[in-house]
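One-letter residues, chain by chain:
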Amino acid sequence: KFTLSEASILSLAATTGSGMSVFPTFYDAQGNYLHVSSSGTGPKVAEFAAGTYYVSLGNGSMSGAVDVVFTQSKILCTGNDSIENAYNLGAISRTKDVDGIYLSVGETEYFKFTISEDSTVLISVSGSSYTSSVIYDEDDNECIGESDSDTGADKFELAAGTYYVEVMGGHADFISLNFNV
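Residues numbered from 1 in each chain as written. Predicted model: local features only at pLDDT ≥ 70, side-chain atom pairs only at ≥ 80, totals over all residues. Heavy atoms only, no water.

A. Highlighting the overall build of the protein chain. The number of helices and strands found in the protein chain is 0 helices and 17 strands. The buried share of the protein chain, reckoned over its 181 residues, is 38%. Long-range pairs, those at least 24 residues apart, make up 79% of the contacts in the protein chain between residues at least 6 apart in sequence. Approximately 9700 Å² of the protein chain is accessible, and the part contributed by carbon and sulfur atoms is 45%. (Helix = DSSP H or I, 4+ residues; strand = E, 2+ residues; numbered from the N terminus. Buried < 20%, exposed > 50% of the residue type's maximum accessible area, 1.4 Å probe, protein only. Contact = heavy atoms within 4.5 Å. Areas by Shrake-Rupley, 256 points an atom, 1.4 Å probe, with all protein chains shown as cover.)

In structure tokens, the structure reads:
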């Protein structure tokens, strides 16, 4: 049983100690079956409204311990598909981690951030979903960065102002953005 206090995208992956996949089945609070698809043997991912849910785990011949990993998206990436609709991360003055972002196959999302003074900004994206990330300034000009050899992050020398990070998804997965100013 689990309860969500807000609408969320939830990923559930379950395996046995021997690595065998376990197939979760979801039910609403009244016990009604909820269709949740997955791609191949990967985790089940779906958008859930706030509420209480139940999950049943099984594979027909399962016995023993099961490892279950729930990942809940803190940001529902819906409608952040342009600079005009970018998700506003606000002012960043030191470091900021944004976890639990869910990207679908081929999806592009934009995230807006502001820095108050000229800065060196390191941006890294983790998670297997993303294919690339690009930064634009307020005038929609692409900012040219370089790879930071110490961290592997993308490094940008930016003037004070507002910027947009474009992140493109390769396949459905959760990602994290890390800013270091």
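B. Highlighting the nonpolar core. Counting residues in each nonpolar core, the largest one holds 21 residues, and the members touching the most others are Phe 113, Ile 135, Leu 158, Val 167, Leu 177 and Phe 179. Those elements giving two or more residues to this core turn out to be β9 (95-103), β10 (108-115), β11 (119-126), β15 (154-158), β16 (161-169) and β17 (173-180). Among residues more than four places away in sequence, those in contact with Ile 135 are Phe 113, Ile 123, Asn 141, Glu 142, Cys 143, Phe 156, Tyr 163, Tyr 164 and Val 165. Of all hydrophobic cores here, the second largest spans 11 residues; its members include Phe 2, Leu 4, Ala 46 and Phe 48. (Core = buried A, V, L, I, M, F, W, Y, C linked by side-chain atoms within 4.5 Å.)

C. Geometry of the pairing of β10. As defined by bridge partners, strand β8 (residues 87-91) adjoins β10 across 3 bridges and the pair is classed as parallel. Paired with Tyr 87 across the strands is Phe 111, a residue of β10. Strand direction decides the pairing type here: β10 and β16, joined by 8 bridges, are antiparallel. Bridging across to β16, Tyr 110 finds its partner in Glu 166. (Pairing = 2+ DSSP bridges.)

D. Main features of the packing of aromatic side chains. By the definition in use, this model includes 9 aromatic pairs. On the basis of an interplanar angle of 90° and a centroid distance of 6.3 Å, the ring pair of Phe 2 and Phe 26 is categorised as edge-to-face. Here the residue Phe 2 occupies a position in strand β1 (residues 2-4), and Phe 26 occupies one in strand β3 (residues 23-28), the gap between them amounting to 24 residues. In this structure Phe 2 comes out as buried when scored by relative accessible area, which is 13%. When the centroid spacing of 6.5 Å and the interplanar angle of 65° are considered together, the rings of Tyr 87 and Phe 111 count as edge-to-face. Of this pair, Tyr 87 sits in strand β8 while Phe 111 is found in strand β10, placing the two residues 24 residues apart along the sequence. Counting every residue linked through ring pairs, the aromatic cluster contains Phe 2, Phe 26, Phe 48 and Tyr 53. (Phe/Tyr/Trp six-rings, centres within 6.5 Å; stacked < 30°, edge-to-face > 60°.)

E. Expanded view of unusual backbone geometry. Within the chain, Asp 140 stands out as a residue other than glycine whose phi angle is a positive 70°. As for its placement among the helices and strands, Asp 140 is situated in the loop between β12 (130-137) and β13 (142-143).

F. Focus on a nonpolar patch on the surface. A cluster of nonpolar side chains, namely Leu 57, Val 68 and Phe 70, defines an oily patch on the protein surface of about 220 Å² accessible area. One can find Phe 70 in strand β7 (residues 66-72). Taking the relative accessible area as the measure of exposure, Phe 70 reaches 38% and is therefore partly exposed. (Patch = residues over 30% accessible without salt bridge, like charges linked within 9 Å, V, L, I, M, F, W, Y side chains within 5 Å. Salt bridge = Lys/Arg side-chain N within 4 Å of Asp/Glu carboxyl O.)

G. Expanded view of the environment of Ser 11. As for its placement among the helices and strands, Ser 11 is situated in strand β2 (residues 8-16). Once the C-alpha coordinates of Ser 11 and Val 45 are considered, the two residues, 34 residues apart in sequence, prove to be 4.3 Å apart.

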